[in-house]
Amino acid sequence: MKHARAQWHGAALVCGKCTRKIGGGFGKSGRGALAKALRKFPGLGKGRKAEVGVIETKCLGLCPKNAVTVVDTRRPGEWLVIDRHDDVALLAARLLARF
């Protein structure tokens with residue numbers, strides 16, 4: 001069995017179905033997906049050198065109206081519901097904060 005090293009300290013699981021249902025609404029233009037907007041912040045990304053990985057998943061099953069469900073794997077008991085008008089920078093800072 002082979003192993004690959006990663007610098008991840010956790011991951012943010014972003015519901016892909018919620019993202020499609022609201023049609024984006026994040027980023028500078030207000031049209032992008034939440035996962036894509038989060039990956040633009042330093043330390044967040046999908047590569048193995050990111051501090052926190054951002055993964056877009058299939059449906060997480062919560063399905064809030066006009067919002068996207070996000071699970072921080074370091075806090076699996078607290079699911080986040082991110083409204084399309086919420087500040088993505090605050091979410092990024094929360095994901096990058098260590099315990």
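As shown above, the structure is provided for reference.
First, a word on scope: everything that follows refers to the structure included in this document. (Residues numbered from 1 in each chain as written. Predicted model: local features only at pLDDT ≥ 70, side-chain atom pairs only at ≥ 80, totals over all residues. Heavy atoms only, no water.)

Considerations on the nonpolar core
Moving on, step 1. Of all hydrophobic cores here, the largest spans 21 residues; its most connected members are Val 14, Phe 26, Leu 34 and Leu 38.
Moving on, step 2. Within the residue set of this core, elements represented by two or more residues are strand E1 (10–15), helix H1 (16–22), helix H2 (34–39), strand E3 (52–57), strand E4 (67–72), strand E5 (79–83) and helix H3 (88–96).
Moving on, step 3. With residues up to four places along the chain from it excluded, the contact list for Leu 38 reads Val 14, Leu 44, Val 54, Val 88, Leu 91, Ala 92 and Leu 95. (Core = buried A, V, L, I, M, F, W, Y, C linked by side-chain atoms within 4.5 Å. Buried < 20%, exposed > 50% of the residue type's maximum accessible area, 1.4 Å probe, protein only. Helix = DSSP H or I, 4+ residues; strand = E, 2+ residues; numbered from the N terminus. Contact = heavy atoms within 4.5 Å.)

Things to note about a nonpolar patch on the surface
Moving on, step 1. Residues Leu 62, Trp 79 and Val 81 make up a contiguous nonpolar surface patch of about 280 Å² in total accessible area.
Moving on, step 2. Looking at the element boundaries, Leu 62 is found in the loop between E3 and E4.
Moving on, step 3. Take Leu 62: its relative accessible area is 43%, and that puts it in the partly exposed class. (Patch = residues over 30% accessible without salt bridge, like charges linked within 9 Å, V, L, I, M, F, W, Y side chains within 5 Å. Areas by Shrake-Rupley, 256 points an atom, 1.4 Å probe, with all protein chains shown as cover. Salt bridge = Lys/Arg side-chain N within 4 Å of Asp/Glu carboxyl O.)

Observations regarding the environment of Val 14
Moving on, step 1. One can find Val 14 in strand E1.
Moving on, step 2. Those residues within four positions of Val 14 in sequence are excluded, and the remaining contacts are Thr 19, Leu 34, Ala 35, Leu 38, Val 54, Ile 55, Glu 56, Thr 57, Val 68, Thr 69 and Val 70.

Description of unusual backbone geometry
Moving on, step 1. With a phi close to 50°, Cys 63 is a non-glycine residue in the positive phi region.
Moving on, step 2. Here Cys 63 lies in the loop between E3 and E4.
Moving on, step 3. Within the chain, Asn 66 stands out as a residue other than glycine whose phi angle is a positive 55°.
Moving on, step 4. Within the secondary structure, Asn 66 sits in the loop between E3 and E4.

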